[in-house]
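Read off the chains here:
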Amino acid sequence: MSNRFDRRSFLRISGSGLLAAGLAGPLTACGGSDSGSSGGKELVWWDYLVEDARQPGMKALIADIEKQVGVKITRRTFSYAELEPAIIKGAASGDLPDIAIVDNTSMNSFVPQGLLTDLTDRVKEWGQSDAYFEGPWNSGVIDGKTYSVPNNSNCLCLYYNTEMLKEAGVEPPKTWDELAKAAKKLTKGDTFGFAMSAIKTEEGVFQFEPFLWSTGGDLDTFATDGATALAYLKDLVDAGALSKQCVGWTQQDTNNQFVSGRAAMQINGPWQLPALQAQKKVKWGVVPIPVDKKAASCLGGENWVILKTSGKADQCWQAIKRSQEKSVLAKYLDGLGLLPARSDMADAGKWATDPTLKVFVQEFANARPRSYGPNYPQLSQAMAEALQASLTGSSSPQAAAKKAASAITPKLKK
């Protein structure tokens, strides 16, 4: 999911949600056709990386691409929740960019609708696909064809309050059993031992899926393995170690609980690091998500895509290639507080020396993309409903998993 520092709001809008969400303002006519008013050397670029702290880095990248590729870039920004609907709506109105930075889960929607340029031949000629972590790269590979290049990546890990764990005589947990024991021991007064987002959106599903995958299962075994993951989390709620309020928490809310001292541990991503580094109240550390049978994390991050309607695919491809040159990419990622999707850059940049960032980069080896095809929004909704039903007690984990599986199985891509 991705990658605002104060999110992930991870609101995945699709189907009827698109109609309900609408757009926060009219789209300007800025299509990518060579015959448009933008001119042959102008590229229209859309993204949602809008935080103030990131703008110098974005401007520097754009200036570099303009100089080295010989194009003029017109950039338009959206909120995270608006970008995907804007592109889908733009497909009908004809108002689309040439190039965009999109959430990697958007590939599930954009590719089946024929919105993106097939980059397979260009990538083959480029010859650098093996330089990327498998998960981030595969998020843009659909039915054997490549439709994107990773812009950056992130994943989830476990943050812990070092002083609380030391006081309780608890080591950072490595397994589900250790996490459960630690969470219960750390629960004291108004402090819960563990926190996570379980909100009824993709944001909550993003945090739940590592628990599903850690059982060794997947969506096709949700009736059993999904029940195991749901039951594990429900036991934490029943024990008072995980707040019932987590069903309404975003990942930002979860981090706020951690920073305020109301949670001793939390599942979250690297986009929370600026807030954690800026505060002085809580001393903290990071470890991989505790394991049941198999190490797992959920892959987030953004991908570069070229819209199929653009008449400037060659210029767009040159821009993407320039952005992926190591010296350029290292400055961009450092400037925006992002992590590399390129495995051959694991030892370059701030993440090579920052022990916290190194944990996230190393966890990419266990991070999985949510590449389940065009029906993923419906699959995600079924999981979100099961998570809510289980943690609120309106249904048993077993019944919730069985109901979700009945909705998931027919939607799984064959």
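Naming follows an unreviewed UniProt entry, where the protein appears as Sugar ABC transporter substrate-binding protein of Streptomyces montanus. Per UniProt, the protein has the following entry under Sequence similarities (unreviewed entry): "Belongs to the bacterial solute-binding protein 1 family."

A look at the nonpolar core
One finds Trp45, Ile87, Leu116 and Tyr332 to be the most contacted residues of the largest nonpolar core, which totals 74 residues. Top contributing element to this core by residue count: helix 14 (residues 326-336), with six residues. Two domains each donate at least three residues to this core, and these are domain 1 (42-154 + 299-368) and domain 2 (155-298 + 371-409). The contact partners of Trp45, leaving out residues within four places of it in the chain, are Met58, Leu61, Ile62, Ile65, Ile73, Thr74, Arg75, Arg76, Pro97, Ile99, Ile101 and Trp304.

What to know about the sheet that holds strand 7 (residues 157-161)
With antiparallel pairing, the three strands of this open sheet are ordered in space as 8-7-9. For this open sheet the edge positions go to strand 8 (265-268) and strand 9 (284-287), each flanked by a neighbour on one side alone. On average, each strand axis in the sheet is inclined to that of its neighbour by 25°, with strand direction left out of account. As defined by bridge partners, strand 7 adjoins strand 8 across four bridges and the pair is classed as antiparallel. Bridging across to strand 8, Tyr159 finds its partner in Gln266. Where helix 11 (residues 251-259) meets the sheet, its contacts fall on strand 7, strand 8 and strand 9, and the angle it forms with strand 8 comes to roughly 155°.

Brief notes about the pattern of salt bridges
Scanning the entire structure with this criterion turns up 13 salt bridges. For Glu163, the salt bridge goes to Lys283, with nearest N and O atoms at 3.8 Å. Remark: Lys283 occurs in the loop between helix 12 (273-278) and strand 9 and Glu163 occurs in helix 7 (residues 162-168); sequence separation between them is 120 residues. Of the charged contacts, one joins Asp190 and Arg262 as a salt bridge, the two residues approaching to 3.8 Å between their closest N and O atoms. One end of the pair, Asp190, is in the loop between helix 8 (176-186) and helix 9 (202-214); the other, Arg262, is in the loop between helix 11 and strand 8, and 72 residues separate them in sequence.

A look at the environment of Lys72
As for its position among the elements, Lys72 is in strand 2 (residues 72-77). Expressed as a C-alpha distance, the spacing of Lys72 and Lys41, which sit 31 residues apart in the sequence, is 6.1 Å. Once residues within four sequence positions are removed from consideration, Lys72 is found in contact with Lys41, Glu42, Leu43 and Glu66.

A closer look at the layout of surface pockets
Considered as a void within the structure, the second largest pocket measures approximately 210 Å³ in volume. Lining the second largest pocket are Gln378, Gln381, Ala382, Glu385, Ala386, Ala389, Ser395, Ala400, Lys403, Ala404, Ala407 and Lys411. In terms of residues, the lining of the second largest pocket owes the most to one element, helix 16 (residues 376-392), which gives six residues.

Notes on the sheet that holds strand 2
Across the sheet, five strands lie side by side as 2-1-3-11-6; this open sheet has mixed pairing. The open sheet has two edge strands, strand 2 and strand 6 (149-150), and neither has a second partner. Sheet analysis places strand 1 (residues 42-47) next to strand 2, joined by six bridges and oriented parallel. By the bridge assignment for strand 2, Leu43 is matched with Ile73. Along the sheet, helix 13 (residues 313-323) contacts strand 1, strand 3 (99-103), strand 6 and strand 11 (302-306); its crossing angle with strand 11, the most-contacted strand, is approximately 155°.

Description of the pairing of strand 1
Most of strand 1 sits inside the fold, with six of its six residues counted as buried. Taken together, strand 1, helix 2 (residues 55-70) and strand 2 form a β-α-β motif whose crossover is right-handed.

With respect to the packing of aromatic side chains
Think of a pair of aromatic rings as described by two things: how far the centres are apart, and how the planes are tilted against each other in angle. On inspection of all chains with the given rule, the structure shows 16 aromatic pairs. Here Trp45 and Trp304 contribute two aromatic rings whose centre-to-centre distance is 5.1 Å and whose plane-to-plane angle is 85°, an arrangement assigned as edge-to-face. Placement of the pair is Trp45 in strand 1 and Trp304 in strand 11, with a sequence separation of 259 residues. For the residue pair Trp45 and Trp304, the accessibility class agrees, reading buried in each case.

Here is what the cut-offs are and how they apply
- Residues numbered from 1 in each chain as written.
- Predicted model: local features only at pLDDT ≥ 70, side-chain atom pairs only at ≥ 80, totals over all residues.
- Heavy atoms only, no water.
- UniProt positions renumbered as here; feature names shortened; annotations may be inferred.
- Core = buried A, V, L, I, M, F, W, Y, C linked by side-chain atoms within 4.5 Å.
- Buried < 20%, exposed > 50% of the residue type's maximum accessible area, 1.4 Å probe, protein only.
- Helix = DSSP H or I, 4+ residues; strand = E, 2+ residues; numbered from the N terminus.
- Domains from an automatic or database assignment.
- Contact = heavy atoms within 4.5 Å.
- Pairing = 2+ DSSP bridges.
- Axes fitted to C-alpha atoms, helices over the stretch in contact; angles between N-to-C directions.
- Salt bridge = Lys/Arg side-chain N within 4 Å of Asp/Glu carboxyl O.
- 1 Å grid on protein atoms, 1.4 Å probe; cavity = no way out; pocket = protein on both sides within 12 Å on 5 of 7 lines; lining within 4 Å.
- Points joined across faces, edges and corners; volume = space filled by probe spheres on them.
- Right-handed = clockwise from strand over helix to strand, strands pointing away.
- Phe/Tyr/Trp six-rings, centres within 6.5 Å; stacked < 30°, edge-to-face > 60°.

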